[in-house]
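Each chain, letter by letter, is given below.
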Amino acid sequence: MIDKFSHIRAVFVIVALVFTVKLFHIQVFDDNYRKTADNNIIRTIVKYPLRGMIYDKNGKLIVRNRPVFDLMFSSRELDVKDTTQFCEFFNIDREYLRTKLEEAKKRRGQPVALVKQLSVLDFARIEDRLNEFPGIYIQEKTLRDYPQNSMANIIGYVKEVDKDFLDSEQGKGYRQGDLVGKSGLERQYEPVLKGKKGVSFVMTNVRGIQKGKFQNGNFDTLPQVGKDLYTGIELDLQKYGEKLMQNKKGAIVAIDPSTGEILTMISAPSYDPNLLTGEGKKASQNFLELIRDPSKPLFNRAIQAAYPPGSTLKTVMALTGLDNKALDTITTIFSCDKSLVGCHNHVSPLNVFGSIQHSCNPFYFKALRKIILTGKSSDQREDTRIGLQAWHDKLGEFGLGHKTGVDLPFEKNGLIPSPAYYDKNYYIKEWRLPNVYSIGIGQGEVLVTPVQLATQASAIANRGWYYTPHLVKQIGDSTLQYDKQVVDIDKAYFDYIARAMSQIYTASLAKHPDIVICGKTGTAQNPHGEDHSVFMAFAPLDNPKVAISVYVENAGFGGSWAAPIASLMIEKYLKGEIDQKRVWLENYVLAGDFMNVQ
C-alpha cells in the first residue's frame, strides 16, 4: 500500500517538474510568447472631426479646413536604431529628440507628437518610408484656412489647448493636442463648430505596423463633423470697407435694420488671419508681433473700443426730450449762445429740427437742463438725480450703456452715467447738473462702442425698434431667432428726427444724388490727441435697408472723414458699385492717412 502511494507521489512530482522546466524555458529562453503579446498591442487612434465652416450672406466661403498630419509615438513602441538617420529623416535635431523621449516617458505610454502639422506635401514625402521607423504613426487633423484674408477680428483664431485651459471648467472633454477657438466667432461658437471626436482601435505589431482593426472595428466610433455657420456678412462690402480704412484706425459697423444682421464689421488696422494658423514657431512669432504692434490689430475696436459719441448723441437727446415733454416740435426754440459752449457758425435761433440739421451745441446744453430738471422734487439736487436716472434708463433702451448682446466675446458696455456712477466716481462729492453738462453733447463721461452706435441708428431707422445685432443667422439647418427691442417713444417723434437727419448741413460729403442718407456727424473729443471723426446714418429715409456707424480715430471733424466713408459704404451696398461721378470721393478717402496722428 505504501509502495502504491509512493508511485502516485512520484508521478505528481515528475509532472510538476516537467511543467516547471517548461515554464522556466518559456520565461527565460523562449521569447515567442513575449513576441505574441507584443504583436497584440492595441493602439487607440483619435479621429478628429472636421471643424464647421463659415459662410457669408451669399454662401461665399469665409473659413474652411485644410488637412495636416501629426507624427505620433509612445515610449513603449518607439525603437530608434540609428539616431542620426532618424533625426535627418524627420528634420529634427538630437536635443529635440531627447526632449520628446523624456516627455514620452513622463506620459507613461500616452502618445506624444514628434512632429506637428505636416502639410500634405511634407507628409507625401515621408509616407512611403514610415514603416522603416517602428513606433511612428500618423494622427490626421485639420487646421483653419482663411481664403479671403479678411475679417480677422470677426472670425478670430484657433489655438492648441494649454495646461491652464485643460485644468479649467471649459477644458473638460479636451485633451492635449486639441484645438480650441480663442477669439471671435471661433470662440463664441466653439461648442457647435468643434464637432465630436471619434476613436479607432487598431492592432499593431512590434514594429508599430498596423495589422488591422481590433474586433473588426466593432468598438470604433466615427467623428461627427462640426456644424457650419451662416452669417449675414456681405463679403464684398466687408472688403470694400477694409480698403477704405487702410492707413486709418477706427471701426465701421453696418447693420440691416430690418433683421439686425451685421452686414460688415471692420476694425482697423487688422491683420491676415492666416498668420495665426498652426502651432509652429512662425505662428507664435506672428502672434507676438501682433501683440507688440502699437496700433493694436488684435483689438476689435468695433465692440471693444469705447469712444465719446460726440454730436451723434443729439438725436437720442432730442427724442428723449420730446418723449418726456421737456421739448416740443413747435415752441422749443433756443439761440446758439456760444458763451455756454463753442459751436460753429449757423443760423440762430433754432427749433429741435434745426438743432439736428446744424448740430448746435448750446441748444443741447439748454435742452439737457429741461430734460433733467423735471420738477418732480422741490430739492434741485434730488430733482437732478431723478431726471438723470430717467435719462440714463431711456438711453439704455437704444442699446447704450450696456452690452448689445452681439454674438462675439469680449464686448464692452460703454457708459451712460447714472447718479450712482457720479456718486462713486466723480471728483466733486456734491455734484450738480452744471458739473455734468457736457453729457448733453455726447462728451464728458458718455462712451459708446461702434456696434452700439450702429444699433442706435437702427432704432431710429425703424422708428422705435431694433433686433439684437448679430453676425450668425443660421447654425447648420437651424435658423436663429433674436430678440426685438422696443424704444418706448412715440413713432411720430422718430419720423420727425429722421427727416431732420435727412437734411443735415454738417455732412456735405455724405450726400448722394440718388440716395436719401439720414445721418448725424460727431466730433469726439480725445484727451490724448486729435479728435475722432464720427458719423451715424441710415438709408434710405423710407423703408431703410442699412444702418451704419463709422469712427476714424484722430481724423477731426465728423463730416470730413467718417461721413464720406459711410456714404461710400451705403452706395456700395445699395447700388453694388460706386458711380463714376463719385470716384473722386473714393480717392479722397483712400488718400487719408491717420496712422501716425496722435
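You'll find the structure just up there.
Rules behind the numbers
Residues numbered from 1 in each chain as written. Predicted model: local features only at pLDDT ≥ 70, side-chain atom pairs only at ≥ 80, totals over all residues. Heavy atoms only, no water. Phe/Tyr/Trp six-rings, centres within 6.5 Å; stacked < 30°, edge-to-face > 60°. Lys NZ or Arg CZ within 6 Å of the ring centre and 35° of its normal. Helix = DSSP H or I, 4+ residues; strand = E, 2+ residues; numbered from the N terminus. Core = buried A, V, L, I, M, F, W, Y, C linked by side-chain atoms within 4.5 Å. Buried < 20%, exposed > 50% of the residue type's maximum accessible area, 1.4 Å probe, protein only. Contact = heavy atoms within 4.5 Å. Expected span 1.5 Å × (residues − 1). Salt bridge = Lys/Arg side-chain N within 4 Å of Asp/Glu carboxyl O. Pairing = 2+ DSSP bridges. 1 Å grid on protein atoms, 1.4 Å probe; cavity = no way out; pocket = protein on both sides within 12 Å on 5 of 7 lines; lining within 4 Å. Points joined across faces, edges and corners; volume = space filled by probe spheres on them. Nonpolar A, V, L, I, M, F, W, Y, C, P; charged D, E, K, R; others polar. Axes fitted to C-alpha atoms, helices over the stretch in contact; angles between N-to-C directions.

*Asks:* Tell me what's going on with the packing of aromatic side chains, and back it up with residues and numbers.
*Replies:* In the structure shown here, the tally under the stated rule is 22 aromatic pairs. Each member of the aromatic cluster is reached from another via a ring pair, and the members are Tyr421, Tyr422, Tyr426, Tyr427 and Trp431. Note that arginine 381 overlies the ring of tryptophan 431, its terminal NZ or CZ placed 5.8 Å from the centroid. Across from the ring centre of tyrosine 240, 5.4 Å away, lies the NZ or CZ of lysine 572, which sits over that ring.

*Asks:* Got a sec to walk through unusual backbone geometry? Specific residues and values, please.
*Replies:* Following alanine 268, the chain continues to proline 269 via a peptide bond in cis, the omega torsion being 0 degrees. Topologically, proline 269 is positioned in the loop between strand E12 (262–268) and helix H11 (281–292). Note that the residue after serine 348, namely proline 349, is joined by a cis bond; omega there is 0 degrees. Structurally, the position occupied by proline 349 is in the loop between helix H13 (314–323) and helix H14 (352–358). With phi around 55 degrees, glutamine 117 is a residue other than glycine that occupies positive phi space. Mapped onto the secondary structure, glutamine 117 falls in strand E4 (residues 112–118).

*Asks:* Provide a residue-level description of the nonpolar core, including the pertinent values.
*Replies:* One finds Trp391, Phe398 and Ile497 to be the most contacted residues of the largest nonpolar core, which totals 66 residues. Not counting residues up to four positions away in its chain, the partners in contact with isoleucine 497 are Thr315, Ala318, Leu319, Leu322, Val352 and Ile356. Ile252, Ala539, Ile548 and Ala566 belong to the second-largest nonpolar core, a separate cluster that totals 34 residues.

*Asks:* So what's going on with the side chain of lysine 100? Residues and values would help.
*Replies:* Within the element layout of this structure, lysine 100 appears in helix H4 (residues 94–106). If sequence neighbours within four positions are ignored, lysine 100 has contacts with Phe73, Val112, Ala113 and Leu114.

*Asks:* Account for helix H18 (residues 450–461), with residues named and values stated.
*Replies:* End to end, H18 covers 16 Å across twelve residues, agreeing with the expected 16 Å (1.5 Å per residue, within 8%). Of all the twelve residues making up H18, twelve are buried; the element is thus mostly covered by neighbouring parts of the structure. Regarding H18, the residues found buried are Pro450, Val451, Gln452, Leu453, Ala454, Thr455, Gln456, Ala457, Ser458, Ala459, Ile460 and Ala461. Once H18 finishes, arginine 463 follows within two positions and takes phi at roughly 60 degrees, a positive value.

*Asks:* An account of the pattern of salt bridges is requested, with residue identities and associated values reported.
*Replies:* All told, the structure shown has 23 salt bridges when counted by the stated rule. Across the pair lysine 116 and glutamate 160 runs a salt bridge, and its minimum N-O distance is 2.6 Å. With lysine 116 in strand E4 and glutamate 160 in strand E6 (residues 158–160), the pair connects residues that are 44 residues apart, well separated along the chain. Residue class for glutamate 160 comes out buried when judged on its relative accessible area of 11%. Across the pair lysine 197 and aspartate 178 runs a salt bridge whose closest N-O atoms are separated by 2.6 Å. Taken as a pair, lysine 197 in the loop between helix H9 (190–193) and strand E8 (198–204) and aspartate 178 in the loop between helix H7 (163–167) and strand E7 (179–181) lie far apart in primary sequence, 19 residues in all. When its relative accessible area of 27% is taken as the criterion, lysine 197 is described as partly exposed. According to the relative accessible area criterion, aspartate 178 is buried, its value standing at 4%. In the salt-bridge network here, residues are joined through shared partners; they are Arg51, Arg144, Glu186 and Glu190.

*Asks:* So what's going on with the pairing of strand E11 (residues 250–255)? Which residues, and what values?
*Replies:* The buried count for E11 comes to six of six residues, which makes it a mostly enclosed element. The two faces of E11 match: Gly250, Ile252 and Ala254 on one face and Ala251, Val253 and Ile255 on the other face are all buried. Sheet analysis places E11 next to E12, joined by six bridges and oriented antiparallel. Following the sheet pairing, valine 253 is matched in E12 by methionine 265. Between the end of E11 and the start of E12, which pair antiparallel, lie six residues, with glycine 260 showing a positive phi angle near 85 degrees. The pairing of E11 with strand E19 (residues 546–552) spans six bridges and is classified as antiparallel.

*Asks:* Describe the pairing of strand E5 (residues 137–145), and please don't skip the residues or the numbers.
*Replies:* Where burial is concerned, most of E5 is hidden: seven out of the nine residues are buried. Note that strand E3 (residues 61–73) and E5 share nine bridges and pair antiparallel. The residue bridging methionine 72 from the neighbouring strand is tyrosine 137, located in E5.

*Asks:* Could you give an account of the environment of arginine 499, naming the residues involved and the relevant values?
*Replies:* Tracing the backbone shows arginine 499 in helix H19 (residues 491–501). Classification of arginine 499 as partly exposed rests on a relative accessible area of 41%. Leave out the neighbours within four places in its chain, and arginine 499 touches Phe353 and Leu541.

*Asks:* Report on the environment of glycine 476, specifying residues and quantitative values.
*Replies:* Within the secondary structure, glycine 476 sits in the loop between strand E14 (472–475) and strand E15 (478–479). The buried category is assigned to glycine 476, whose relative accessible area is 17%. Excluding residues that lie within four positions of it along the chain, glycine 476 makes contacts with Lys227, Asp228 and Tyr230.

*Asks:* An account of empty space enclosed by the protein is requested, with residue identities and associated values reported.
*Replies:* In this structure the tally under the stated criterion is one cavity of 30 Å³ or more. In this structure, the largest cavity spans a volume of roughly 60 Å³. What lines the largest cavity is simply Met151, Ala152, Asn153, Ile154, Gln238, Glu242, Met265, Ile266, Ser267, Ser270 and Asn300. When its residues are assigned to classes, the lining of the largest cavity shows five nonpolar, five polar and one charged.

*Asks:* Summarise the sheet that holds E12; cite the residues concerned and give the values.
*Replies:* The strand order across the open sheet formed by five strands is E12-E11-E19-E18-E17, and the pairing between neighbours is antiparallel. Lying at the two open borders of the sheet, with one neighbouring strand each, are E12 and strand E17 (518–524). Neighbour to neighbour, the strand axes of the sheet diverge by 5 degrees on average, direction disregarded. Taken together, the seven bridges between strand E18 (residues 532–539) and E19 define a ladder with antiparallel strand orientation. Residue pairing for E19: methionine 536 is matched across the bridge by serine 549.

*Asks:* Give me the lowdown on H13, citing residues and values where you can.
*Replies:* Most of H13 sits out of view: nine of its ten residues are buried. Inspection of H13 places Lys314, Thr315, Val316, Met317, Ala318, Leu319, Thr320, Gly321 and Leu322 among the buried residues, and these make up the whole buried set. Where H13 ends, the next residue or the one after it, lysine 325, has phi of about 70 degrees, a positive value.

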